[in-house]
Amino acid sequence: MYKIKWGEFVPERMNDKEQLIIDLIRKNPYVSQQELAEILGLSRPSIANIISGLIKKGNILGRAYILNESQHVICIGGANIDRKFHIKEKAQLGTSNPIYATQNAGGVARNIAENLGRLGMDVSLISTSGADKDWSVIEDSSSLYMNLETVTQFPEKSTGSYTAVLDANGELVIALADMEVYEAITPDLLLKHDVLLSRSKCIIVDLNCPKEAIQFLCSFAYSHDLPIVLIPVSSPKMNRLPDNLEGVTWLITNRDESETYFQMEIKDEVDWKNAVEKWLAQGIANVVITNGKQGSMIGNTKEGIFHVPPIEIDEVVDVTGAGDAFSSAVIYSWLEGKSLIEIANAGSMNASKTLQSSYTVRQDLSAEQLQKDMEELS
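All residue numbers here refer to positions counted from 1 along the written sequence of the relevant chain. A pLDDT threshold of at least 70 governs which residues receive local features in this predicted model, and a stricter bar of 80 or more applies before side-chain atom pairs are shown or counted, although totals over entire chains, interfaces and linings include all residues. The basis for every side-chain value is the complete set of non-hydrogen atoms in the structure, without hydrogens or water.

J.: What am I meant to see in the overall build of the protein here?
T.: Tallying secondary structure elements over the protein gives 13 helices and 13 strands in all. For 378 residues, the compact-globule estimate of 2.2 N^0.38 gives 21 Å, and the C-alpha radius of gyration of the protein, at 22 Å, lies within 12% of that figure. Each principal axis of the C-alpha distribution contributes one length, and for the protein these read about 70 × 50 × 40 Å. For the exposure calls, accessible area comes from a 1.4 Å probe over protein chains only, and a residue counts as buried if that area is under 20% of its type's maximum, exposed if over 50%, partly exposed in between. Counting over 378 residues, the protein shows a buried share of 51%. It only takes one pair of heavy atoms within 4.5 Å for two residues to be counted as in contact. A separation threshold of at least 6 residues defines the contact pool for the protein, and within that pool the share at least 24 residues apart is 66%. Per-residue accessibility takes into account occlusion by the displayed protein chains alone, with areas from the Shrake-Rupley method and a 1.4 Å probe. Accessible surface for the protein amounts to roughly 18,000 Å². Of this, 47% is attributable to carbon and sulfur atoms. In this charge count, Lys and Arg are treated as positive and Asp and Glu as negative; neither His nor the chain ends contribute. Each charge is placed at NZ for Lys, CZ for Arg, CG for Asp and CD for Glu. Both charge centroids of the protein, one from 34 positive and one from 51 negative side chains, sit 5 Å from each other. Put simply, DSSP marks the helices as runs of H or I at least four residues long and the strands as runs of E at least two long, and each gets a number from the N terminus on. Only C-alpha atoms enter the radius of gyration, while the globule expectation follows 2.2 Å times N to the 0.38, with N the number of residues.

J.: When you look at the pairing of strand β8 (residues 202-206) in this model, what are you seeing that I'm missing?
T.: For a regular strand, side-chain orientation follows a simple rule: the groups alternate between the two sheet faces. Within β8, 5 of the 5 residues are buried, which leaves the element mostly enclosed by the surrounding structure. The pairing of strand β1 (residues 73-76) with β8 spans 4 bridges and is parallel. Paired with V73 across the bridge in β8 is C202. Here, strands pair whenever DSSP counts at least two bridges between them. The pairing of β8 with strand β9 (residues 228-231) spans 4 bridges and is parallel.

J.: What should I look at first to understand the side chain of D134 in this one?
T.: When you line up the elements, D134 lands in helix α5 (residues 133-142). Polar contacts here mean pairs of N or O atoms no more than 3.5 Å apart (in protein, one a potential hydrogen donor and the other a potential acceptor; neighbouring residues in sequence count only if both atoms are side-chain atoms). A polar atom in the side chain of D134 sits 3.1 Å from the side chain of R83. Among residues more than four places away in sequence, those in contact with D134 are I81, R83 and T159.

J.: Help me understand the packing of helix α4 (residues 108-118) against helix α11 (residues 322-335) in this model?
T.: Relative placement of two packed helices is described by the angle separating their axes and the distance separating the axes. The convention used is that axes are lines fitted to C-alpha atoms, helices contributing only their stretch in contact, and that angles between N-to-C directions extend from 0 to 180 degrees. Across the interface, α4 lies against α11 with an axial gap of 9 Å and an inter-helix angle of 50°. On the basis of their axis angle, the class for α4 and α11 is oblique. As for how α4 packs across α11, the hand of that crossing is right-handed. Packed against α4, whose contacting residues are V108, N111, I112, N115 and L116, the element α11 presents D324, A325, S327, S328, I331 and Y332 at the interface. Three categories are distinguished: nonpolar for Ala, Val, Leu, Ile, Met, Phe, Trp, Tyr, Cys and Pro, charged for Asp, Glu, Lys and Arg, and polar for the others, with Gly belonging to the last. Here the residues of the contact of α4 with α11 sort into 6 nonpolar, 4 polar and 1 charged. Angle categories: roughly parallel below 35 degrees, roughly antiparallel above 145, roughly perpendicular from 65 to 115, and oblique for all the rest. Crossing handedness is defined as follows: a turn of the near helix away from the far one that is anticlockwise and smaller than a right angle gives a left-handed crossing, while the clockwise case is right-handed.

J.: What's the story with the sheet that holds strand β12 (residues 296-300) in this structure? I'm lost.
T.: Consider a sheet: its strands pair through backbone hydrogen bonds, and that pairing is either parallel or antiparallel. Pairing is mixed in the open sheet, where 9 strands are placed in the order β5-β4-β1-β8-β9-β10-β11-β12-β13. Edge strands, defined here as strands with exactly one partner in the open sheet, are β5 (151-153) and β13 (304-308). Going from strand to strand, the sheet's axes swing by 15° on average, the running direction of each strand aside. Pairing of strand β10 (residues 250-254) with strand β11 (residues 286-290) involves 5 bridges; the strand directions are parallel. Bridge pairing in β11 links L251 to V287. Seen against the sheet, α4 touches β1, β4 (123-129), β8 and β9 and runs at an angle of roughly 155° to β1.

J.: Explanation requested: the pattern of salt bridges in the structure shown.
T.: Two side chains with opposite charge may pair up if their charged atoms get near one another. Salt bridges are counted wherever a side-chain nitrogen of Lys or Arg sits within 4 Å of a carboxyl oxygen of Asp or Glu. Inspection of the entire model under this criterion finds 9 salt bridges. Notably, a salt bridge pairs E183 with R240, separated by 2.9 Å at the nearest N-O pair. Taken together, the residues E183 in the loop between β7 (172-178) and α6 (187-191) and R240 in the loop between β9 and β10 connect sequence positions 57 residues apart. Note that K353 is salt-bridged to E376, the shortest N-O span being 3.4 Å. Of this pair, K353 sits in helix α12 (residues 340-355) while E376 sits in the segment after α13 (367-375), placing them 23 residues apart in sequence.

J.: Hey, could you run me through the nonpolar core in this one?
T.: Ranked by size, the top nonpolar core spans 45 residues in total, and within it I76, I203, L230 and W279 carry the most contacts. Counting residues per element, this core draws most heavily on helix α8 (residues 211-223), which supplies 7 residues. In this view, I76 contacts A109, I126, I185, L190, L197, I203, I204, V205, D206, C209 and L217; residues no more than four positions away in its chain are not counted. Of all hydrophobic cores here, the second largest spans 42 residues; its members include L119, L125, I138 and Y332. Residue types Ala, Val, Leu, Ile, Met, Phe, Trp, Tyr and Cys, when buried and joined through side-chain atoms within 4.5 Å, form a set referred to as a nonpolar core.

J.: I keep staring at the environment of G77 and nothing clicks. Help me out?
T.: Checked against the element boundaries, G77 lands in the loop between β1 and β2 (80-87). Put simply, G77 and S198 are 121 residues apart on the chain and 18 Å apart in space, counted from C-alpha to C-alpha. Those residues in contact with G77, other than ones at most four positions away along the chain, are A109, I126, S127, Y182, I185, D206 and C209.

J.: Looking at this structure, how should I read the packing of aromatic side chains?
T.: Describing an aromatic ring pair means giving the distance of the ring centres and the angle of the ring planes. Stacked, edge-to-face and tilted are the three classes for Phe, Tyr and Trp ring pairs, Trp counted by its six-membered ring, which pair at centre distances within 6.5 Å; planes under 30 degrees apart are stacked, over 60 edge-to-face, the rest tilted. By the definition in use, this model includes 5 aromatic pairs. Between Y261 and F262, the ring centres sit 5.0 Å apart and the planes meet at 90°, which makes this aromatic pair edge-to-face. Using a relative accessible area of 17% as the deciding quantity, one classes F262 as buried. Through pairs of rings, three or more aromatic residues link up here, namely Y261, F262 and W279.

J.: Sorry, what's going on with the confidence of the model for the protein here?
T.: When pLDDT drops low, the exact placement of atoms in the prediction is not to be read closely. Overall, the prediction assigns the protein a mean pLDDT of 89, with 93% of residues at 70 or greater. One number per residue, pLDDT, summarises how confident the predictor is, and it ranges from 0 to 100. Note on residues 5-11: pLDDT under 50 across the span, and 12 contacts to partners over four residues away in sequence or across chains. In the predicted structure, residues 64-69 sits below a pLDDT of 50 and forms 18 contacts with residues beyond four places in sequence or in another chain.

Okay, structure coming up:
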């Protein structure tokens, strides 16, 4: 297996054949010289000479038993263009509303990947997109924080988009989602990344992916003894959860999504805690149910179930991305070995700071900044 460090600057400029070989090795570090020769229409000795040159230049570190010195967190699912239309005054249906518009890169999996990248983690995004201007915008704003080599482009499809109409208080009035491109995230597509997946630190999947892909990933994670996190994106997509949730490491959901799944109403803390218990009974190791201004309920079978109050803020600038910020800080804090209450508090803190930002992912986020934010609670 060939070893390449993601994101390193190459010591010397590569020619076209060298670049092609690097790209093929990135896609499959186990590729043989004979396979490279057949793909590129060259002789195997020619491939051997080119690889030898790349090793001398420092572009390839040679054959190794390890794909990377650091394991990647793999985020799988949506990578959208988020278009937001902010109504200047009180929203009125059936007539024209004065607005101002903003546009950012978004998508649940992509947002979580950027949050984790800003927190200093090595992240790869597995997704699908069109080969259009919208994808170029996403690529430009995302590439600093995650590896995008694992995004598959389909020229005949449109890049995913999410269009939100927000009232003068930043609350959501209506949202429109074009997520058709993610139907192409199939088990066959995921198998092309089996090497990266099998050596990952953690797999994070949003429910923009088709059910069969999510079931495949849960089975893959279980058979490879890998942690897997499931992130619902909306109540209508709760039917994409696998039939068997045994072995899922984390489910990070909200009240509405949990009510939809269990066909129950969460009216008070007793119902809320009962919903967490229902999820845990499905075989999930750790569960969070967020409930807006009421905070979150978090639990597992070892530490118990706890209600964590919200972090109060004076003004909400924009609600978009706050849930993804919560999920990201939960995952990050868990990977850092924190307790359940610390994990939930970190999620609440990152969400509250994102609510006060006009960006889908707050621009000042870093591991150091999150630590400073958490010190505000002590």
